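Chain by chain, the residues run as shown.
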Amino acid sequence: MNTEHPACAKIDEAIAAFPIETAQNGSLVERRPYGNGHINDTFLLRCTSPDQNETKFILQRMNHDIFKNPPQLMENVVQVTQHLRRTILSQGGDPNRETLNVLQTRNGADWYQDSSQNYWRVFPFIERSVCLEKVESEKDFYDSAVAFGNFQRQLADFPVRKLHETIPNFHNTSSRFEDFQKAVQEGDQSRAALAQAELAFALDRKQDTAVLTNLLAEGKLPLRVTHNDTKLNNILFDADTHKALCIIDLDTVMPGLSLYDFGDSIRFGANTGAEDETDLSKVELDLSLFEAFTKGYLEGCAGSLAPKEIEMLPMGAKLMTYECGIRFLADFLTGDHYFKTHREHHNLDRARTQFKLVADMEAKWHDMTVIVKKYENPAK
Ligand code: ADP
Ligand code: GN1
Ligand code: MG
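Residues numbered from 1 in each chain as written. Chains lettered and ligands numbered in written order. Predicted model: local features only at pLDDT ≥ 70, side-chain atom pairs only at ≥ 80, totals over all residues. Heavy atoms only, no water.

## Here's the deal with the site of ligand 2
No. 1: Contacts to ligand 2 come from 18 residues, most closely from His38, Lys231, Glu275, Arg327 and Tyr338.
No. 2: Taking Asp229, its side chain carries an N or O atom lying 2.9 Å from an oxygen atom of ligand 2.
No. 3: Asn234 is positioned with one of its side-chain polar atoms (N or O) 3.1 Å from an oxygen atom of ligand 2.
No. 4: Under a 2 Å grid-point criterion requiring more than half of the atoms, the pocket assigned to ligand 2 is the largest pocket.
No. 5: For the shell around ligand 2, the secondary structure elements donating two or more residues are helix H9 (258-269) and helix H12 (313-333).
No. 6: At three residues, H12 tops the list of elements feeding residues into the shell around ligand 2.
No. 7: Here the shell around ligand 2 is built from residues that sort into seven nonpolar, four polar and seven charged. (Near = heavy atom within 4 Å. Polar contact = N/O pair within 3.5 Å; in protein donor to acceptor, adjacent residues only side chain to side chain. 1 Å grid on protein atoms, 1.4 Å probe; cavity = no way out; pocket = protein on both sides within 12 Å on 5 of 7 lines; lining within 4 Å. Sits in = over half its atoms within 2 Å of the grid points. Helix = DSSP H or I, 4+ residues; strand = E, 2+ residues; numbered from the N terminus. Nonpolar A, V, L, I, M, F, W, Y, C, P; charged D, E, K, R; others polar.)

## Points about helix H4 (residues 138-154)
Every α-helical turn comprises 3.6 residues, leaving residues that sit three or four positions apart pointing alike.
No. 1: Look at H4: 24 Å from first C-alpha to last across 17 residues, which is about the 24 Å you get at 1.5 Å a residue.
No. 2: Of the residues making up H4, those classed as buried are Asp140, Phe141, Asp143, Ser144, Ala145, Ala147, Phe148, Gly149, Phe151, Gln152 and Gln154.
No. 3: Close packing links the buried residues of H4 with helix H2 (70-90), strand E7 (224-226), strand E8 (235-238), strand E9 (244-247), H9 and helix H10 (287-301). (Expected span 1.5 Å × (residues − 1). Buried < 20%, exposed > 50% of the residue type's maximum accessible area, 1.4 Å probe, protein only. Contact = heavy atoms within 4.5 Å.)

## Comments concerning H9
No. 1: With 12 residues, H9 extends 17 Å between its outermost C-alpha atoms, agreeing within 8% with the 16 Å of an ideal straight helix rising 1.5 Å per residue.
No. 2: Burial analysis of H9 places 12 of its 12 residues in the buried class, which makes it a mostly covered element.
No. 3: Restricting attention to buried positions, one finds in H9 the residues Ser258, Leu259, Tyr260, Asp261, Phe262, Gly263, Asp264, Ser265, Ile266, Arg267, Phe268 and Gly269.

## Some thoughts on the nonpolar core
No. 1: With 96 residues, the main nonpolar core has Leu212, Ile266 and Leu329 as its most contacted residues.
No. 2: By residue number, the principal contributor to this core is H12, which donates 13 residues.
No. 3: Excluding residues that lie within four positions of it along the chain, Leu212 makes contacts with Leu221, Leu257, Leu259, Tyr260, Met312, Met315, Gly316 and Leu319.
No. 4: One finds Ile20, Phe43, Leu45 and Leu59 within the second-largest nonpolar core, a separate group that totals 15 residues. (Core = buried A, V, L, I, M, F, W, Y, C linked by side-chain atoms within 4.5 Å.)

## Points about the coordination of the magnesium ion (ligand 3)
No. 1: For the magnesium ion (ligand 3), the protein coordination sphere consists of Asn234 (OD1) and Asp249 (OD), at 2.2 Å. Here Asp249 lies in the loop between E9 and strand E10 (254-256) and Asn234 lies in the loop between E7 and E8, a separation of 15 residues in the sequence.
No. 2: For Asn234, a relative accessible area of 5% corresponds to the buried category. (Donors = N, O, S within 2.8 Å, 3.2 Å for Na, K, Ca; no water.)

## Notes on the sheet that holds strand E6 (residues 129-131)
No. 1: Sheet architecture is open: three strands sit in the order E6-E8-E9, paired in antiparallel fashion. This sheet does not close on itself; its edge strands, each paired only once, are E6 and E9. Taking each pair of neighbouring strands and ignoring which way they run, the sheet shows an average axis angle of 35 degrees.
No. 2: Examined bridge by bridge, E8 and E9 share three bridges and lie antiparallel to one another. Along E9, the bridge assignment pairs Leu236 with Cys246. (Pairing = 2+ DSSP bridges. Axes fitted to C-alpha atoms, helices over the stretch in contact; angles between N-to-C directions.)

## With respect to the site of ligand 1
No. 1: Residues in contact with ligand 1 amount to 19 residues; listed here are only the nearest, Gln60, Ile126, Asn233, Asn234 and Asp249.
No. 2: A distance of 2.9 Å separates an oxygen atom of ligand 1 from a polar atom in the side chain of Gln60.
No. 3: Between Ile126 and ligand 1, the recorded distance is 2.9 Å, taken from a backbone N or O atom to a nitrogen atom.
No. 4: Protein coverage of the free-state accessible area of ligand 1, which is 550 Å², stands at 96%.
No. 5: With respect to the pocket detection grid, ligand 1 is positioned in the largest pocket.
No. 6: Of all elements in the fold, only strand E3 (54-62) and strand E5 (119-124) reach the threshold of two or more residues within the shell around ligand 1.
No. 7: For the shell around ligand 1, a count of residues per class yields 11 nonpolar, seven polar and one charged. (Areas by Shrake-Rupley, 256 points an atom, 1.4 Å probe, with all protein chains shown as cover.)

## Some remarks on the layout of surface pockets
No. 1: By volume, the largest pocket is sized at about 890 Å³.
No. 2: Considering the residues around the largest pocket, the lining is formed by 46 residues, among which Gly37, Asn233, Asn234, Ile248 and Asp249 are closest to the centre.
No. 3: Broken down by secondary-structure element, the contributors of at least two residues to the lining of the largest pocket are E3, E5, E6, H9 and H12.
No. 4: Here the element with the most residues in the lining of the largest pocket is H12; it accounts for five residues.
No. 5: Looking at the lining of the largest pocket, its residues break down into 22 nonpolar, 13 polar and 11 charged.
No. 6: Its boundaries defined by the atoms lining it, the second largest pocket holds a volume of some 720 Å³.
No. 7: For the lining of the second largest pocket, the secondary-structure elements that each account for two or more residues are strand E2 (41-48), H9 and helix H13 (346-363).
No. 8: It is E2 that provides the largest number of residues to the lining of the second largest pocket, a total of three residues.
No. 9: Here the lining of the second largest pocket is built from residues that sort into seven nonpolar, 15 polar and 14 charged. (Points joined across faces, edges and corners; volume = space filled by probe spheres on them.)

Remember that the coordinates give geometry; whether it matters functionally is a separate question.
Listed below in structure tokens is the structure:
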């Protein structure tokens, strides 16, 4: 399926546009697809110098079907990483490891457009780091929570209005629901027939979709600078200390709600199964992981969340999981054009896990609210 775009044929033209092969880095000895992202095409580049030093880079072709304006997207990434750089320096941290850094082209631009109109960018590879595809310990998940909370605090004084909305209505669940309904009407009927139970599940929860956006519109939840794609593989851990090191995948850093970041992390990390698990008996909300993340996120935010935001944390988890489910299902119905798929019915499998998780959250709602209450005052 749509695993790697034919546009990647221009990869060598893109590599030549950046100072990858230089006297200091030496020559390029390897370039290969890298990571498990669903959207961009990511490559690892490896150079070795005559004295056998190794320098690595991450090269990405931005998906411009999804991100309609890559130059604006890169403006966001540059502004945000420069802000983080200043903050990290003032806190005595290492800005070459604790934030992404954009490598400019040989012409001093932040991105390169190839002769087939694809957009490319490069980040120096953050060495001695690991990226986790699933939670391996409660401590890792707790650390990721502190890091995402801290990320939001570091951006608290960033002027929200300077950010472009790289995907409008990204976490507007009502608008996602409308897209989903359209996909049901216009999508493939034979695929819809395979997903009757999932369609009913999604339609049954229509009344939940506007809960957070209504609270935002009523001024009861504050708009913040948020990451909006806080799954565990969008954070790098230090290979030596195992501490959360650097938040990556900044394409969707936009104005949003803290509940989006909290919720999306729970959706991905507190699931006892994989995002695309086919054996649904393995898919549940792990309450110990929910607790570890809640504790860490509130500590990372260090008292900056309003009481209403804290109260709504379980709803953030449920709605982000539900929303991702309807996005996967809509993509399944309309032919898998958005998320990369690696097997038949992959998006349907993903939608099923999301809905199983939503159902389990509903069953464990009381436990979730008790846990949130326990940590609502981070000093406790
Ligand atoms: P996508 O938008 O497709 O999810 P990401 O930006 O998350 O792409 O990158 C995909 C993967 O590449 C990450 O999960 C991570 O493993 C790796 N990666 C990205 N940037 C870096 C970096 N600067 N240093 C090391 N690894 C990185
Ligand atoms: C996509 O890019 P990646 O793989 O980190 C998607 C997220 C979904 C996620 C589901 C820009 O994230 O919104 O939650 O897949 N990113 C975009 O795994 O749509
Ligand atoms: Mg990613």
